[in-house]
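Observations on chain architecture
Take a look at the letters that make up each chain.
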Number of protein chains: 2
Amino acid sequence: MTITPYIPDIDAGDLPLEERAYLRLRQALMEGVFSPGAKLSIRRVAEALGTSPMPARTALRRLATEQAVDALPSGTVLVPRLTRAAFQEVSAIRAELEPLAIRLAATRLDARTLDALATVVAEHDAARAAGKPEVFLQKDREFLFGLYRQAGAPMLFSMIEALWLRRGPLFWDARWILMGRPPAAAHRHDQMLAALRRGAGDVAAQELKVEIERMTAFLLEALPFEGQAAAAPRQARARR
Amino acid sequence: MTITPYIPDIDAGDLPLEERAYLRLRQALMEGVFSPGAKLSIRRVAEALGTSPMPARTALRRLATEQAVDALPSGTVLVPRLTRAAFQEVSAIRAELEPLAIRLAATRLDARTLDALATVVAEHDAARAAGKPEVFLQKDREFLFGLYRQAGAPMLFSMIEALWLRRGPLFWDARWILMGRPPAAAHRHDQMLAALRRGAGDVAAQELKVEIERMTAFLLEALPFEGQAAAAPRQARARR
DNA sequence: AGAACTCAAGTGTGATCACAAACACCGACC
DNA sequence: GGTCGGTGTTTGTGATCACACTTGAGTTCT
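Only a predicted model underlies this, so the values are computations on that prediction, with no experimental measurement involved.

Around DNA strand D, the structure places 19 residues, and the nearest of them are Leu17 and Ser52 of chain A together with Arg43, Arg44 and Arg57 of chain B. When the atoms of DNA strand D within 4 Å of the protein are sorted by group, sugar and phosphate make up 58%. The separation between a phosphate oxygen of DNA strand D and a polar main-chain atom of Leu17 of chain A is 2.2 Å. Among the elements of the structure, α1 (17–30) and α3 (53–65) of chain A together with α2 (42–49) and α3 (53–65) of chain B are those that each provide at least two residues to the surface near DNA strand D. Looking at the surface near DNA strand D residue by residue, the class counts come to 8 nonpolar, 4 polar and 7 charged.

In C-alpha coordinates:
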(Lines give C-alpha, C1' and ligand atoms only; values in the text may rest on other atoms or scores of the structure.)
Protein backbone atom coordinates (compact mmCIF):
# COMPACT_ATOMS: atom_id res chain seq x y z
CA MET A 1 0.00 0.00 0.00
CA THR A 2 1.59 3.20 -1.14
CA ILE A 3 0.21 6.22 0.59
CA THR A 4 1.25 9.60 -0.70
CA PRO A 5 0.63 11.82 2.30
CA TYR A 6 -0.51 15.36 1.87
CA ILE A 7 2.12 17.66 3.25
CA PRO A 8 0.90 21.14 4.16
CA ASP A 9 2.72 24.00 2.51
CA ILE A 10 4.31 26.82 4.42
CA ASP A 11 4.68 30.50 3.74
CA ALA A 12 8.13 30.00 2.35
CA GLY A 13 10.10 33.05 1.48
CA ASP A 14 13.05 32.63 -0.82
CA LEU A 15 14.40 29.73 1.14
CA PRO A 16 16.29 26.93 -0.59
CA LEU A 17 14.18 23.95 -1.54
CA GLU A 18 15.97 21.78 0.94
CA GLU A 19 15.21 24.14 3.81
CA ARG A 20 11.61 24.40 2.77
CA ALA A 21 11.30 20.63 2.55
CA TYR A 22 12.78 20.35 6.03
CA LEU A 23 10.41 22.89 7.52
CA ARG A 24 7.38 21.39 5.83
CA LEU A 25 8.19 17.89 6.99
CA ARG A 26 8.90 19.18 10.47
CA GLN A 27 5.59 20.96 10.63
CA ALA A 28 3.73 17.95 9.29
CA LEU A 29 5.40 15.75 11.86
CA MET A 30 4.57 17.99 14.78
CA GLU A 31 0.97 18.28 13.65
CA GLY A 32 0.66 14.55 13.41
CA VAL A 33 0.04 14.36 9.66
CA PHE A 34 1.91 11.08 9.46
CA SER A 35 0.75 8.11 11.40
CA PRO A 36 3.36 6.43 13.60
CA GLY A 37 5.18 3.63 11.82
CA ALA A 38 4.57 5.04 8.32
CA LYS A 39 7.42 4.66 5.85
CA LEU A 40 8.76 7.88 4.41
CA SER A 41 10.44 7.03 1.14
CA ILE A 42 12.70 9.65 -0.39
CA ARG A 43 11.17 9.49 -3.83
CA ARG A 44 7.62 9.54 -2.55
CA VAL A 45 8.22 12.47 -0.24
CA ALA A 46 9.91 14.30 -3.10
CA GLU A 47 6.88 13.65 -5.23
CA ALA A 48 4.56 14.96 -2.54
CA LEU A 49 6.75 18.04 -2.22
CA GLY A 50 7.01 18.57 -5.94
CA THR A 51 10.79 18.52 -6.06
CA SER A 52 13.54 16.17 -7.11
CA PRO A 53 14.58 13.51 -4.61
CA MET A 54 17.61 15.53 -3.56
CA PRO A 55 16.04 18.08 -1.22
CA ALA A 56 13.80 15.40 0.26
CA ARG A 57 16.81 13.23 0.95
CA THR A 58 18.74 15.88 2.85
CA ALA A 59 15.66 17.00 4.75
CA LEU A 60 14.92 13.45 5.90
CA ARG A 61 18.52 12.95 6.95
CA ARG A 62 18.42 16.09 9.00
CA LEU A 63 15.25 14.97 10.71
CA ALA A 64 16.85 11.63 11.44
CA THR A 65 19.82 13.40 13.00
CA GLU A 66 17.67 15.16 15.55
CA GLN A 67 15.81 11.90 16.09
CA ALA A 68 12.55 13.37 14.88
CA VAL A 69 12.22 10.28 12.71
CA ASP A 70 13.73 6.82 12.94
CA ALA A 71 16.13 5.45 10.36
CA LEU A 72 16.35 1.75 9.62
CA PRO A 73 19.76 0.17 8.96
CA SER A 74 18.83 0.13 5.28
CA GLY A 75 18.40 3.89 5.40
CA THR A 76 14.63 3.83 5.17
CA VAL A 77 12.97 6.42 7.33
CA LEU A 78 10.00 5.71 9.57
CA VAL A 79 7.69 7.94 11.57
CA PRO A 80 8.62 7.08 15.16
CA ARG A 81 6.31 5.07 17.31
CA LEU A 82 7.08 6.16 20.84
CA THR A 83 7.58 3.35 23.28
CA ARG A 84 6.71 3.72 26.90
CA ALA A 85 10.37 4.14 27.79
CA ALA A 86 10.98 6.71 25.07
CA PHE A 87 7.98 8.72 26.18
CA GLN A 88 9.24 8.70 29.73
CA GLU A 89 12.65 9.84 28.55
CA VAL A 90 11.27 12.72 26.52
CA SER A 91 9.16 13.78 29.47
CA ALA A 92 12.08 13.63 31.89
CA ILE A 93 14.16 15.85 29.64
CA ARG A 94 11.28 18.25 29.17
CA ALA A 95 10.87 18.46 32.94
CA GLU A 96 14.41 19.78 33.18
CA LEU A 97 14.73 22.00 30.12
CA GLU A 98 11.39 23.74 30.00
CA PRO A 99 11.51 24.99 33.60
CA LEU A 100 15.02 26.25 32.85
CA ALA A 101 13.62 28.20 29.92
CA ILE A 102 10.97 29.67 32.19
CA ARG A 103 13.56 30.79 34.72
CA LEU A 104 15.60 32.43 31.99
CA ALA A 105 12.56 34.09 30.49
CA ALA A 106 11.32 35.37 33.86
CA THR A 107 13.96 38.09 34.02
CA ARG A 108 13.22 39.39 30.53
CA LEU A 109 9.42 39.44 30.36
CA ASP A 110 7.62 42.74 29.99
CA ALA A 111 3.98 43.55 30.70
CA ARG A 112 3.00 43.62 27.04
CA THR A 113 4.21 40.10 26.43
CA LEU A 114 2.47 38.87 29.56
CA ASP A 115 -0.80 40.37 28.41
CA ALA A 116 -0.46 38.72 25.02
CA LEU A 117 0.17 35.40 26.72
CA ALA A 118 -2.88 35.87 28.93
CA THR A 119 -4.94 36.19 25.76
CA VAL A 120 -3.54 32.90 24.51
CA VAL A 121 -4.52 31.20 27.77
CA ALA A 122 -8.04 32.54 27.38
CA GLU A 123 -8.25 31.17 23.83
CA HIS A 124 -6.89 27.91 25.14
CA ASP A 125 -9.70 27.61 27.66
CA ALA A 126 -12.25 28.66 25.08
CA ALA A 127 -11.08 25.92 22.74
CA ARG A 128 -11.52 23.37 25.50
CA ALA A 129 -15.02 24.61 26.19
CA ALA A 130 -15.84 24.52 22.49
CA GLY A 131 -14.48 20.98 22.15
CA LYS A 132 -11.87 21.76 19.54
CA PRO A 133 -8.82 19.65 20.30
CA GLU A 134 -6.72 21.01 17.41
CA VAL A 135 -7.07 24.59 18.60
CA PHE A 136 -6.66 23.44 22.17
CA LEU A 137 -3.31 21.84 21.48
CA GLN A 138 -2.18 24.68 19.24
CA LYS A 139 -2.87 27.28 21.91
CA ASP A 140 -1.06 25.22 24.48
CA ARG A 141 1.98 25.19 22.21
CA GLU A 142 1.62 28.86 21.49
CA PHE A 143 1.58 29.79 25.16
CA LEU A 144 4.59 27.75 26.17
CA PHE A 145 6.73 28.51 23.15
CA GLY A 146 5.85 32.17 23.42
CA LEU A 147 7.37 31.98 26.87
CA TYR A 148 10.38 29.96 25.82
CA ARG A 149 11.16 32.37 23.03
CA GLN A 150 11.59 35.10 25.64
CA ALA A 151 14.39 33.17 27.29
CA GLY A 152 16.78 34.49 24.67
CA ALA A 153 18.43 31.09 24.50
CA PRO A 154 18.31 29.87 20.88
CA MET A 155 19.98 26.55 21.49
CA LEU A 156 17.72 25.70 24.40
CA PHE A 157 14.74 26.71 22.30
CA SER A 158 15.60 24.41 19.44
CA MET A 159 16.27 21.54 21.81
CA ILE A 160 12.82 21.92 23.29
CA GLU A 161 11.38 22.08 19.80
CA ALA A 162 13.09 18.81 18.99
CA LEU A 163 11.46 17.19 22.01
CA TRP A 164 8.00 18.34 20.98
CA LEU A 165 8.72 17.18 17.47
CA ARG A 166 9.41 13.70 18.64
CA ARG A 167 6.32 13.74 20.79
CA GLY A 168 4.13 15.00 17.95
CA PRO A 169 2.68 11.83 16.47
CA LEU A 170 1.80 10.51 19.90
CA PHE A 171 0.04 13.63 21.03
CA TRP A 172 -2.11 13.69 17.99
CA ASP A 173 -3.55 10.38 19.00
CA ALA A 174 -3.98 11.62 22.55
CA ARG A 175 -5.69 14.89 21.77
CA TRP A 176 -9.17 13.85 22.83
CA ILE A 177 -7.96 12.23 26.00
CA LEU A 178 -5.94 15.29 26.89
CA MET A 179 -8.76 17.70 26.36
CA GLY A 180 -11.10 15.60 28.44
CA ARG A 181 -9.02 15.91 31.58
CA PRO A 182 -10.68 17.73 34.48
CA PRO A 183 -9.74 21.41 34.07
CA ALA A 184 -8.44 21.66 37.62
CA ALA A 185 -5.79 19.06 36.96
CA ALA A 186 -5.18 20.00 33.38
CA HIS A 187 -3.05 23.09 33.25
CA ARG A 188 -1.48 25.59 35.56
CA HIS A 189 -0.97 28.29 32.97
CA ASP A 190 -2.90 30.86 34.97
CA GLN A 191 -0.85 30.22 38.05
CA MET A 192 2.33 30.42 35.99
CA LEU A 193 1.37 33.77 34.57
CA ALA A 194 0.49 35.08 38.00
CA ALA A 195 3.85 33.99 39.37
CA LEU A 196 5.66 35.56 36.46
CA ARG A 197 3.82 38.83 36.95
CA ARG A 198 5.18 39.14 40.44
CA GLY A 199 8.64 38.16 39.27
CA ALA A 200 8.68 34.73 40.85
CA GLY A 201 10.35 32.84 38.04
CA ASP A 202 11.29 29.92 40.26
CA VAL A 203 7.69 29.40 41.28
CA ALA A 204 6.49 29.46 37.68
CA ALA A 205 9.23 27.01 36.70
CA GLN A 206 8.19 24.68 39.49
CA GLU A 207 4.54 24.91 38.39
CA LEU A 208 5.54 23.88 34.90
CA LYS A 209 7.66 21.01 36.12
CA VAL A 210 4.74 19.69 38.13
CA GLU A 211 2.44 20.10 35.15
CA ILE A 212 4.75 18.12 32.90
CA GLU A 213 5.23 15.35 35.44
CA ARG A 214 1.52 15.15 36.14
CA MET A 215 0.58 14.96 32.49
CA THR A 216 3.23 12.33 31.90
CA ALA A 217 1.87 10.15 34.69
CA PHE A 218 -1.64 10.65 33.34
CA LEU A 219 -0.74 9.66 29.80
CA LEU A 220 1.28 6.67 30.93
CA GLU A 221 -1.97 5.41 32.45
CA ALA A 222 -4.32 6.50 29.73
CA LEU A 223 -2.46 5.63 26.56
CA PRO A 224 -2.07 2.16 25.14
CA PHE A 225 1.65 1.91 24.46
CA GLU A 226 2.72 -0.83 22.16
CA GLY A 227 5.30 -3.30 23.21
CA GLN A 228 8.09 -2.74 20.79
CA ALA A 229 9.49 -0.17 18.38
CA ALA A 230 11.63 2.93 18.30
CA ALA A 231 14.04 1.49 15.82
CA ALA A 232 17.67 1.38 16.73
CA PRO A 233 19.85 4.08 15.24
CA ARG A 234 21.70 3.32 12.07
CA GLN A 235 24.50 0.94 12.59
CA ALA A 236 26.84 -0.80 10.27
CA ARG A 237 24.92 -2.31 7.47
CA ALA A 238 25.67 -5.64 5.96
CA ARG A 239 27.20 -5.17 2.59
CA ARG A 240 28.68 -7.82 0.55
CA MET B 1 44.89 31.03 1.94
CA THR B 2 43.16 27.80 1.50
CA ILE B 3 43.80 25.57 4.42
CA THR B 4 42.63 22.05 4.00
CA PRO B 5 42.39 20.75 7.53
CA TYR B 6 43.42 17.26 8.36
CA ILE B 7 40.39 15.34 9.46
CA PRO B 8 41.13 12.27 11.56
CA ASP B 9 39.76 9.03 10.24
CA ILE B 10 37.54 6.76 12.28
CA ASP B 11 37.27 3.03 12.53
CA ALA B 12 34.43 3.05 10.10
CA GLY B 13 32.83 -0.25 9.57
CA ASP B 14 30.53 -0.54 6.67
CA LEU B 15 28.83 2.80 7.04
CA PRO B 16 27.70 4.91 4.10
CA LEU B 17 30.09 7.64 3.10
CA GLU B 18 27.70 10.30 4.30
CA GLU B 19 27.48 8.76 7.75
CA ARG B 20 31.21 8.40 7.95
CA ALA B 21 31.73 12.00 6.86
CA TYR B 22 29.31 13.11 9.54
CA LEU B 23 31.02 11.12 12.26
CA ARG B 24 34.48 12.25 11.22
CA LEU B 25 33.53 15.90 11.16
CA ARG B 26 31.76 15.52 14.46
CA GLN B 27 34.81 13.97 16.04
CA ALA B 28 37.12 16.59 14.58
CA LEU B 29 34.87 19.32 15.89
CA MET B 30 34.74 17.92 19.39
CA GLU B 31 38.48 17.49 19.47
CA GLY B 32 39.00 21.06 18.37
CA VAL B 33 40.69 20.29 15.07
CA PHE B 34 39.11 23.34 13.49
CA SER B 35 39.76 26.78 14.83
CA PRO B 36 36.72 28.87 15.70
CA GLY B 37 35.59 31.04 12.83
CA ALA B 38 37.09 28.81 10.16
CA LYS B 39 35.10 28.42 6.98
CA LEU B 40 34.12 24.88 6.08
CA SER B 41 33.51 24.78 2.38
CA ILE B 42 31.69 21.79 0.97
CA ARG B 43 34.19 21.10 -1.79
CA ARG B 44 37.19 21.51 0.44
CA VAL B 45 35.81 19.25 3.13
CA ALA B 46 34.96 16.71 0.45
CA GLU B 47 38.52 16.88 -0.78
CA ALA B 48 39.90 16.38 2.72
CA LEU B 49 37.58 13.42 3.16
CA GLY B 50 38.41 11.96 -0.21
CA THR B 51 34.84 11.85 -1.46
CA SER B 52 32.62 13.77 -3.81
CA PRO B 53 31.01 16.93 -2.50
CA MET B 54 27.73 15.14 -1.93
CA PRO B 55 28.42 13.33 1.36
CA ALA B 56 30.23 16.39 2.68
CA ARG B 57 27.24 18.55 1.88
CA THR B 58 24.74 16.38 3.74
CA ALA B 59 27.06 15.92 6.68
CA LEU B 60 27.58 19.67 7.05
CA ARG B 61 23.86 20.30 6.81
CA ARG B 62 23.23 17.78 9.54
CA LEU B 63 25.80 19.42 11.77
CA ALA B 64 24.20 22.78 11.11
CA THR B 65 20.83 21.35 12.12
CA GLU B 66 22.07 20.38 15.56
CA GLN B 67 23.84 23.72 15.78
CA ALA B 68 27.26 22.12 15.99
CA VAL B 69 28.31 24.57 13.31
CA ASP B 70 26.95 27.92 12.22
CA ALA B 71 25.40 28.42 8.81
CA LEU B 72 25.43 31.77 7.06
CA PRO B 73 22.38 32.84 5.07
CA SER B 74 24.39 32.10 1.95
CA GLY B 75 24.75 28.52 3.09
CA THR B 76 28.40 28.77 3.99
CA VAL B 77 29.29 26.89 7.15
CA LEU B 78 31.51 28.28 9.89
CA VAL B 79 33.07 26.74 12.96
CA PRO B 80 31.19 28.45 15.78
CA ARG B 81 32.94 31.04 17.89
CA LEU B 82 31.24 30.83 21.24
CA THR B 83 30.20 34.16 22.64
CA ARG B 84 30.00 34.72 26.35
CA ALA B 85 26.22 34.41 26.26
CA ALA B 86 26.30 31.22 24.19
CA PHE B 87 28.81 29.66 26.55
CA GLN B 88 26.61 30.49 29.50
CA GLU B 89 23.64 28.99 27.72
CA VAL B 90 25.42 25.75 26.91
CA SER B 91 26.59 25.51 30.51
CA ALA B 92 23.13 26.14 31.92
CA ILE B 93 21.68 23.37 29.79
CA ARG B 94 24.49 21.03 30.74
CA ALA B 95 23.84 21.76 34.41
CA GLU B 96 20.31 20.41 33.96
CA LEU B 97 20.77 17.52 31.58
CA GLU B 98 23.95 15.91 32.83
CA PRO B 99 22.79 15.57 36.44
CA LEU B 100 19.60 14.04 35.07
CA ALA B 101 21.69 11.50 33.21
CA ILE B 102 23.57 10.72 36.41
CA ARG B 103 20.34 10.17 38.33
CA LEU B 104 19.07 7.83 35.63
CA ALA B 105 22.36 5.98 35.49
CA ALA B 106 22.58 5.59 39.25
CA THR B 107 19.91 2.91 39.34
CA ARG B 108 21.55 0.81 36.64
CA LEU B 109 25.24 0.86 37.53
CA ASP B 110 26.95 -2.37 38.48
CA ALA B 111 30.22 -2.84 40.34
CA ARG B 112 32.18 -3.77 37.24
CA THR B 113 31.31 -0.55 35.48
CA LEU B 114 32.15 1.46 38.58
CA ASP B 115 35.56 -0.15 38.78
CA ALA B 116 36.22 0.61 35.14
CA LEU B 117 35.28 4.22 35.73
CA ALA B 118 37.57 4.41 38.75
CA THR B 119 40.41 3.40 36.44
CA VAL B 120 39.54 6.23 34.11
CA VAL B 121 39.63 8.71 36.98
CA ALA B 122 43.08 7.44 37.91
CA GLU B 123 44.30 7.90 34.34
CA HIS B 124 42.75 11.34 34.39
CA ASP B 125 44.76 12.35 37.43
CA ALA B 126 47.89 10.79 35.98
CA ALA B 127 47.51 12.85 32.82
CA ARG B 128 47.27 15.99 34.89
CA ALA B 129 50.40 15.08 36.79
CA ALA B 130 52.20 14.31 33.55
CA GLY B 131 51.11 17.59 32.01
CA LYS B 132 49.28 16.11 29.06
CA PRO B 133 46.22 18.22 28.39
CA GLU B 134 44.95 16.15 25.48
CA VAL B 135 44.83 12.98 27.55
CA PHE B 136 43.50 14.94 30.47
CA LEU B 137 40.52 16.21 28.52
CA GLN B 138 39.97 12.88 26.83
CA LYS B 139 39.81 11.02 30.13
CA ASP B 140 37.43 13.58 31.51
CA ARG B 141 35.12 12.95 28.56
CA GLU B 142 35.54 9.23 28.88
CA PHE B 143 34.54 9.23 32.52
CA LEU B 144 31.43 11.34 32.13
CA PHE B 145 30.18 9.79 28.92
CA GLY B 146 30.83 6.34 30.32
CA LEU B 147 28.42 7.32 33.04
CA TYR B 148 25.87 8.91 30.74
CA ARG B 149 25.81 5.86 28.52
CA GLN B 150 24.60 3.83 31.50
CA ALA B 151 21.51 6.01 31.78
CA GLY B 152 19.89 4.00 29.02
CA ALA B 153 18.47 7.19 27.55
CA PRO B 154 19.62 7.48 23.93
CA MET B 155 17.97 10.79 23.22
CA LEU B 156 19.35 12.40 26.33
CA PHE B 157 22.76 11.03 25.46
CA SER B 158 22.81 12.53 22.01
CA MET B 159 21.60 15.87 23.32
CA ILE B 160 24.50 15.98 25.76
CA GLU B 161 26.84 15.04 22.95
CA ALA B 162 25.53 17.95 20.93
CA LEU B 163 26.32 20.31 23.78
CA TRP B 164 29.88 19.06 24.09
CA LEU B 165 30.20 19.30 20.35
CA ARG B 166 29.34 22.95 20.40
CA ARG B 167 31.69 23.56 23.26
CA GLY B 168 34.54 21.69 21.56
CA PRO B 169 36.47 24.46 19.81
CA LEU B 170 36.42 26.61 22.92
CA PHE B 171 37.68 23.93 25.23
CA TRP B 172 40.59 23.17 23.02
CA ASP B 173 41.85 26.68 23.54
CA ALA B 174 41.22 26.38 27.26
CA ARG B 175 42.98 23.07 27.79
CA TRP B 176 46.06 24.47 29.48
CA ILE B 177 44.08 26.77 31.71
CA LEU B 178 41.78 23.95 32.71
CA MET B 179 44.55 21.57 33.58
CA GLY B 180 46.30 24.19 35.64
CA ARG B 181 43.43 24.57 38.06
CA PRO B 182 44.13 23.57 41.66
CA PRO B 183 43.22 19.88 41.91
CA ALA B 184 41.01 20.47 44.93
CA ALA B 185 38.75 22.75 42.94
CA ALA B 186 39.11 20.96 39.67
CA HIS B 187 36.98 17.85 39.70
CA ARG B 188 34.76 15.94 42.02
CA HIS B 189 34.86 12.68 40.12
CA ASP B 190 36.09 10.74 43.13
CA GLN B 191 33.28 12.05 45.27
CA MET B 192 30.80 11.25 42.53
CA LEU B 193 32.00 7.68 42.30
CA ALA B 194 31.84 7.27 46.05
CA ALA B 195 28.29 8.55 46.13
CA LEU B 196 27.29 6.25 43.30
CA ARG B 197 28.81 3.26 45.06
CA ARG B 198 26.53 3.77 48.00
CA GLY B 199 23.56 4.29 45.72
CA ALA B 200 23.20 8.01 46.35
CA GLY B 201 22.45 9.10 42.81
CA ASP B 202 21.04 12.44 43.87
CA VAL B 203 24.23 13.32 45.70
CA ALA B 204 26.36 12.43 42.69
CA ALA B 205 24.09 14.45 40.45
CA GLN B 206 24.39 17.43 42.74
CA GLU B 207 28.19 17.08 42.79
CA LEU B 208 28.23 17.19 39.02
CA LYS B 209 25.96 20.19 38.88
CA VAL B 210 28.24 22.06 41.23
CA GLU B 211 31.26 21.02 39.20
CA ILE B 212 29.74 22.30 35.98
CA GLU B 213 28.67 25.59 37.54
CA ARG B 214 32.04 26.09 39.17
CA MET B 215 33.96 25.41 35.98
CA THR B 216 31.68 27.73 34.05
CA ALA B 217 32.28 30.55 36.49
CA PHE B 218 36.00 29.89 36.35
CA LEU B 219 36.16 29.95 32.56
CA LEU B 220 34.01 33.04 32.32
CA GLU B 221 36.74 34.74 34.32
CA ALA B 222 39.72 33.12 32.70
CA LEU B 223 38.84 33.15 29.02
CA PRO B 224 38.96 36.19 26.79
CA PHE B 225 35.66 35.91 25.02
CA GLU B 226 35.09 38.90 22.86
CA GLY B 227 38.59 39.56 21.60
CA GLN B 228 40.58 36.91 19.83
CA ALA B 229 41.71 33.78 21.58
CA ALA B 230 44.74 33.95 23.80
CA ALA B 231 46.61 31.17 22.09
CA ALA B 232 47.83 31.55 18.55
CA PRO B 233 45.30 30.10 16.14
CA ARG B 234 46.16 26.48 15.93
CA GLN B 235 47.03 25.70 12.41
CA ALA B 236 45.62 22.71 10.68
CA ARG B 237 48.18 20.71 8.85
CA ALA B 238 48.14 21.56 5.19
CA ARG B 239 47.24 18.65 3.04
CA ARG B 240 48.21 18.31 -0.54
C1' DA C 1 -0.44 -27.47 0.61
C1' DG C 2 3.72 -25.45 2.41
C1' DA C 3 8.34 -23.77 1.87
C1' DA C 4 12.23 -22.26 -0.72
C1' DC C 5 13.65 -19.91 -4.65
C1' DT C 6 13.75 -16.40 -8.36
C1' DC C 7 13.28 -12.23 -10.39
C1' DA C 8 11.65 -7.69 -11.13
C1' DA C 9 10.39 -3.37 -9.11
C1' DG C 10 11.65 -0.14 -5.66
C1' DT C 11 15.08 1.90 -2.53
C1' DG C 12 19.01 4.66 -0.76
C1' DT C 13 23.53 6.17 -2.15
C1' DG C 14 26.87 8.83 -4.38
C1' DA C 15 29.06 11.05 -8.60
C1' DT C 16 28.62 14.47 -12.09
C1' DC C 17 26.81 18.48 -14.32
C1' DA C 18 24.58 23.10 -14.95
C1' DC C 19 23.47 27.38 -12.98
C1' DA C 20 23.00 31.52 -10.26
C1' DA C 21 24.49 33.98 -6.43
C1' DA C 22 28.29 35.36 -3.44
C1' DC C 23 33.00 36.49 -3.02
C1' DA C 24 37.71 38.22 -3.73
C1' DC C 25 40.81 40.55 -6.27
C1' DC C 26 42.60 44.27 -8.95
C1' DG C 27 42.49 48.24 -11.60
C1' DA C 28 40.47 52.85 -12.56
C1' DC C 29 38.77 56.95 -10.87
C1' DC C 30 37.82 60.84 -7.65
C1' DG D 1 45.48 57.47 -0.77
C1' DG D 2 41.00 55.80 -0.37
C1' DT D 3 36.82 54.36 -2.58
C1' DC D 4 34.19 52.45 -6.18
C1' DG D 5 33.15 49.25 -9.88
C1' DG D 6 33.91 45.35 -12.94
C1' DT D 7 35.46 40.64 -13.72
C1' DG D 8 36.93 36.04 -13.04
C1' DT D 9 36.60 32.57 -9.56
C1' DT D 10 34.54 30.01 -6.03
C1' DT D 11 30.56 28.79 -3.65
C1' DG D 12 26.04 26.31 -2.55
C1' DT D 13 22.08 24.32 -4.81
C1' DG D 14 19.44 21.06 -7.19
C1' DA D 15 18.56 17.75 -11.14
C1' DT D 16 19.88 13.56 -13.33
C1' DC D 17 22.07 9.21 -13.77
C1' DA D 18 24.31 4.67 -12.55
C1' DC D 19 24.68 1.17 -9.23
C1' DA D 20 24.06 -2.08 -5.45
C1' DC D 21 21.07 -3.51 -2.08
C1' DT D 22 16.45 -4.60 -0.25
C1' DT D 23 11.92 -6.20 -0.75
C1' DG D 24 8.01 -8.69 -1.92
C1' DA D 25 5.24 -11.16 -4.93
C1' DG D 26 4.90 -14.92 -7.98
C1' DT D 27 6.59 -19.37 -9.18
C1' DT D 28 8.46 -23.80 -8.71
C1' DC D 29 9.87 -27.77 -6.22
C1' DT D 30 9.30 -31.18 -2.51
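Let us look at the sheet that holds strand β3 (residues 77–78) of chain B. Residues and elements named next belong to chain B. As summarised here, the arrangement of the 3 strands in space is β1-β3-β2, forming an open sheet in which the pairing is antiparallel. Of all the strands in the sheet, the pair left with one neighbour each is β1 (39–40) and β2 (70–71). The sheet contact formed by β2 and β3 spans 2 bridges and is antiparallel. Considered in β3, the bridge of Asp70 is made with Leu78.

Moving on, we come to helix α6 (residues 133–149) of chain A. Residues and elements named next belong to chain A. For α6, which comprises 17 residues, the first-to-last C-alpha distance of 24 Å matches the rise-based estimate of 24 Å (1.5 Å per residue) to within 8%. Taken as a whole, α6 has its buried residues at Pro133, Phe136, Leu137, Lys139, Asp140, Phe143, Leu144, Phe145, Gly146, Leu147 and Tyr148. On its buried face, α6 is in contact with α4 (84–106), α5 (111–130), α7 (154–173), α8 (175–179), α10 (189–197) and α11 (201–222).

Next up on the list: the relation of the copies chain A and chain B. With an RMSD of 0.2 Å, chain A superimposes on chain B once it is rotated by 180° and translated 0.1 Å along the axis. Here the transformation between the copies is reduced to the relation of a two-fold axis. For chain A, the residue whose C-alpha comes nearest the rotation axis is Arg62 of chain A, separated from it by 2.6 Å. Of the residues that chain A buries at the interface, 82% are likewise interface residues in chain B, meaning the two copies contact each other through the same surface.

Right, let's talk about the interface of chain A and chain B for a bit. Contacts between the two partners involve 33 residues from chain A and, on the opposite side, 31 residues from chain B. Our count for the contact surface shared by chain A and chain B stands at 4 salt bridges. Of the charged contacts, one joins Arg103 of chain A and Glu96 of chain B as a salt bridge, the two residues approaching to 2.9 Å between their closest N and O atoms. Counting the contacts that link chain A with chain B gives 12 residue pairs in polar contact (both at pLDDT 80 or more). Among the secondary structure elements, those contributing two or more residues to the side of chain A that touches chain B are α1, α3, α4 and α7 of chain A.

The rules we used
Residues numbered from 1 in each chain as written. Chains lettered and ligands numbered in written order. Predicted model: local features only at pLDDT ≥ 70, side-chain atom pairs only at ≥ 80, totals over all residues. Heavy atoms only, no water. Near = heavy atom within 4 Å. Polar contact = N/O pair within 3.5 Å; in protein donor to acceptor, adjacent residues only side chain to side chain. Helix = DSSP H or I, 4+ residues; strand = E, 2+ residues; numbered from the N terminus. Nonpolar A, V, L, I, M, F, W, Y, C, P; charged D, E, K, R; others polar. Pairing = 2+ DSSP bridges. Expected span 1.5 Å × (residues − 1). Buried < 20%, exposed > 50% of the residue type's maximum accessible area, 1.4 Å probe, protein only. Contact = heavy atoms within 4.5 Å. Least-squares fit on C-alpha atoms with pLDDT ≥ 70 in both. Salt bridge = Lys/Arg side-chain N within 4 Å of Asp/Glu carboxyl O.

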